[in-house]
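Summary of structural features
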Amino acid sequence: MKKVIFMLAVVLMSANCFAQTANVKKAKNAALAAENPDFAAARQYIEPALEDATTKDVADTWYVAGLIGYQENDYLNAQQMIGKTIDQERKGKALIESYNYWLKADELGQIPNEKGKINTKIRKNIAAKMLEYYTQQDLVKYGIYLNEQRDFARAYEVFSLHLSIPDLPMMQDPKMQEKMPKDTIYQQYLFYKGIFAVQAEMHPEAIEVLEQMKDGSYEAVSVNQFLYQEYLTLNDTANFVRVLQDATERFPSESWFLQNLINYYIFSSQEDVAVEYLDKAIEREPNVAQYYHIKGNILENMKQYDAALQAFDAALAINPDLADAEAGKGRVYYNQAVKMNEDAANIANDKEYRAKLKEMDATFAKSLPFFEKAHELDPENRDYMIILKQLYYRANDDVKYNAISELLNQY
């Protein structure tokens with residue numbers, strides 16, 4: 001009885017194996033039909049074969065599964081070429097489906113059979129079709145479509161698939177590698193992949209791509225700017241400072257990096273380091289007035305007034321029309337006078353008190369011509385007008401006080 005049951009099980013297993021093998025064949029025929037391919041039917045045929053124990057570990061099953069999407073993509077390409085509107089989502093889904101199925105098929109194909117042999121035909125066929133996808137840029141086109149739909153996360157994933165093709169084990173034949181150089185176009189698509197990750201707010205993924213490109217030549221300035229912004233978003237101070245430091249050295253003419261680095265040092269109370277970086281920048285580019293102007297602002301904040309005035313003078317020697325540098329000189333004297341006024345309140349001796357006030361008035365007066373010059377150079381700047389109004393009031397100059405007050409009311 002047991003023997004009969006065992007024989008019955010063997011018969012049933014053989015029958016099921018035959019049925020699933022037949023399904024794989026039907027799926028292939030439905031997808032490869034010359035005139036009326038039926039991709040939906042092909043998928044219905046292949047689905048049980050992908051799950052059945054008798055066929056799920058057979059490389060050819062997964063190869064045929066991938067062939068369905070490949071044929072559908074090819075069919076839709078042909079329809080598009082004759083002017084028909086096609087469903088881009090359907091096309092993209094077919095591409096990704098075939099890609100994933102073929103990875104599985106290649107994996108199974110590398111497992112030796114009972115005779116210790118590997119199915120090299122499967123790998124060769126898949127590699128040839130993957131090369132088509134790569135050279136015809138099918139996945140790139142789908143990724144661009146997804147970007148246009150603002151589906152940045154999926155665009156990132158699709159570009160990742162395209163860029164992974166040259167590194168697949170099946171694609172390592174030297175002749176095949178020659179057809180997939182990691183040239184400027186490859187770098188361009190890698191850059192797009194990084195930008196899609198940025199737009200999707202996939203910060204770790206964006207950083208991984210941008211770090212990969214950081215020291216390269218393609219869109220190097222933009223890559224480093226995006227990388228800085230990603231680290232800044234994550235509050236990763238150590239890394240965003242590293243990026244700014246490296247970029248400041250590598251791109252000396254791109255003041256964006258230096259300015260952000262200096263701002264960081266200023267706001268983190270490291271003004272002395274900020275001045276060091278400015279001095280390096282000035283050594284490289286001694287004719288950039290803005291560097292001296294920024295240095296003057298920092299030195300003034302550090303209460304190094306004489307050095308600040310020298311920096312502002314250097315800026316004006318290069319650009320006599322730099323209103324902010326004129327205002328910077330005026331501010332040096334103005335803020336010193338404000339401090340004298342505060343100190344005077346603590347002086348008990350009447351003679352010393354009057355002397356301090358006299359010194360204060362003289363220092364306020366020193367600041368006036370610089371703010372007047374700044375206002376002349378930038379007549380719409382309200383900050384200059386507000387300070388001038390205060391200075392004219394102190395100087396009892398009613399005519400100029402009324403004029404500047406009227407002008408302020410117009411802005």
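Residues numbered from 1 in each chain as written. Predicted model: local features only at pLDDT ≥ 70, side-chain atom pairs only at ≥ 80, totals over all residues. Heavy atoms only, no water.

Across its full length, the protein chain carries 20 helices and zero strands. On the principal axes, the C-alpha backbone points of the protein chain span a range of 125 × 45 × 45 Å. Burial analysis of the protein chain (411 residues in total) assigns 41% to the buried set. When contacts within the protein chain are restricted to residue pairs at least 6 apart in sequence, those whose partners lie at least 24 apart make up 58%. For the protein chain, the accessible area works out to roughly 22,900 Å², and carbon and sulfur atoms hold 51% of it. Seen as two clouds, the 45 positive and the 61 negative side-chain charges of the protein chain have centres 8 Å apart. (Helix = DSSP H or I, 4+ residues; strand = E, 2+ residues; numbered from the N terminus. Buried < 20%, exposed > 50% of the residue type's maximum accessible area, 1.4 Å probe, protein only. Contact = heavy atoms within 4.5 Å. Areas by Shrake-Rupley, 256 points an atom, 1.4 Å probe, with all protein chains shown as cover. Lys, Arg positive; Asp, Glu negative; His and termini not counted. Charge placed at Lys NZ, Arg CZ, Asp CG, Glu CD.)

With that settled, consider the nonpolar core. Ranked by internal contacts, the top residues of the largest apolar core, which has 99 residues, are Ile46, Tyr63, Ile126, Met130, Ile165 and Met171. Core analysis: the next-biggest nonpolar cluster, separate from the first, contains 17 residues, Ala323, Ala327, Tyr334 and Met340 among them. (Core = buried A, V, L, I, M, F, W, Y, C linked by side-chain atoms within 4.5 Å.)

Backbone geometry at Gln137 places phi at a positive 60°, although glycine is not the residue there. Note on placement: Gln137 falls in the loop between helix H5 (120-136) and helix H6 (138-148).

Under the definition given, this model contains 25 aromatic pairs. Judged by centre distance (6.2 Å) and plane angle (15°), the ring pair of Tyr142 and Tyr145 falls under stacked. In this pair, Tyr142 and Tyr145 are both assigned in helix H6, three residues apart and thus about one turn of the helix distant. A residue is classified by how much of its surface remains accessible, and Tyr142, at 4% relative accessible area, is buried. Taking 5.1 Å as the distance between ring centres and 85° as the angle between the ring planes, the aromatic pair formed by Trp256 and Phe257 counts as edge-to-face. Connected via pairs of aromatic rings, a cluster forms that spans Tyr228, Phe240, Phe251, Trp256, Phe257, Tyr264, Tyr265 and Tyr277. Over the ring of Tyr70 we find Lys129; its NZ or CZ atom is 5.2 Å from the centre of that ring. (Phe/Tyr/Trp six-rings, centres within 6.5 Å; stacked < 30°, edge-to-face > 60°. Lys NZ or Arg CZ within 6 Å of the ring centre and 35° of its normal.)

All right, on to the packing of helix H13 (residues 255-267) against helix H14 (residues 271-284) then. Interaxial distance between H13 and H14 falls to 7 Å at its minimum, and their mutual angle equals 160°. As summarised for this structure, H13 and H14 are arranged roughly antiparallel, according to the angle between their axes. Of the two elements, H13 crosses H14, and the hand of that crossing is left-handed. The segment H13 lies against H14, with Leu258, Leu261, Ile262, Tyr265 and Ile266 engaging Glu271, Val273, Ala274, Tyr277, Leu278 and Ala281. (Axes fitted to C-alpha atoms, helices over the stretch in contact; angles between N-to-C directions. Parallel < 35°, antiparallel > 145°, perpendicular 65-115°, else oblique. Left-handed = near helix turned anticlockwise from the far one by under 90°.)

Put simply, the largest pocket is a space of about 170 Å³. As for the largest pocket, its lining consists of Asp57, Val58, Ala59, Asp60, Leu108, Gly109, Ile111, Pro112, Asn113, Lys117, Ile118 and Asn119. Put simply, the parts of the chain that give the lining of the largest pocket at least two residues each are helix H3 (59-81) and helix H4 (88-109). (1 Å grid on protein atoms, 1.4 Å probe; cavity = no way out; pocket = protein on both sides within 12 Å on 5 of 7 lines; lining within 4 Å. Points joined across faces, edges and corners; volume = space filled by probe spheres on them.)

What follows deals with the packing of helix H11 (residues 220-233) against H13. Direction vectors running N to C along H11 and H13 enclose 20°, while the axes themselves pass 11 Å from each other. Comparing their axes, H13 and H11 come out roughly parallel. The interaxial crossing formed by H11 with H13 has left-handed handedness. Taking contact as the criterion, the partners of Val221, Asn224, Gln225, Tyr228 and Gln229 in H11 are, on H13, Trp256, Phe257 and Asn260. Taken together, the residues of the contact of H11 with H13 break down into four nonpolar, four polar and no charged. (Nonpolar A, V, L, I, M, F, W, Y, C, P; charged D, E, K, R; others polar.)

Next up on the list: helix H10 (residues 203-213). By the burial criterion, the buried members of H10 are His203, Ala206, Ile207, Val209, Leu210 and Met213. Buried residues of H10 fall within an arc of 170° about the axis and therefore sit on the same side. Exposed and oriented more than 90 degrees from the buried face of H10 are Pro204, Glu208 and Gln212. Where H10 is buried, its residues touch helix H7 (152-164), helix H9 (184-199) and H11. (Arc of directions from axis to C-beta.)

Attention now moves to the confidence of the model for the protein chain. Mean pLDDT for the protein chain: 90, with 95% of residues reaching 70 or above. Within the model, the stretch residues 1-15 combines pLDDT values under 50 with one contact to residues more than four positions away or in other chains. (pLDDT = per-residue confidence, 0-100.)

Here we take up H5. Think of an α-helix as turning once every 3.6 residues; residues three or four places apart then point the same way. With 17 residues, H5 ought to run about 24 Å at 1.5 Å a step, and its terminal C-alpha atoms sit 24 Å apart, in line with that. By the burial criterion, the buried members of H5 are Ile122, Ile126, Ala127, Lys129, Met130, Leu131, Tyr133 and Tyr134. Those residues of H5 hidden inside the fold are in contact with H3, H4, H6, H7, helix H8 (174-178) and H9. Gln137 occupies a position one or two residues after H5 and carries a positive phi of about 60°. (Expected span 1.5 Å × (residues − 1).)

Next up on the list: the environment of Leu139. By the secondary structure assignment, Leu139 is in helix H6. Residues Leu139 and Leu388, spaced 249 residues apart in sequence, show a C-alpha to C-alpha distance of 64 Å. Those residues in contact with Leu139, other than ones at most four positions away along the chain, are Leu95, Ile96, Val158, Leu161, His162 and Ile165.

Glancing now at the pattern of salt bridges. If you walk through the whole model with that rule in mind, you get 20 salt bridges. A salt bridge links Asp138 to Lys91, with the shortest nitrogen-to-oxygen separation between them at 3.7 Å. With Asp138 in helix H6 and Lys91 in helix H4, this pair connects stretches of sequence that are 47 residues apart. Salt-bridge contacts for Lys373 lead to Glu376; the nearest nitrogen and oxygen are separated by 3.6 Å. Of the two residues, Lys373 and Glu376 are both situated in helix H18 (residues 350-377); the distance of three residues between them amounts to about one turn of the helix. The partly exposed category is assigned to Lys373, whose relative accessible area is 30%. When its relative accessible area of 55% is taken as the criterion, Glu376 is described as exposed. If you follow the salt bridges from partner to partner, you end up with Arg43, Glu72, Arg90 and Glu97 in one network. (Salt bridge = Lys/Arg side-chain N within 4 Å of Asp/Glu carboxyl O.)

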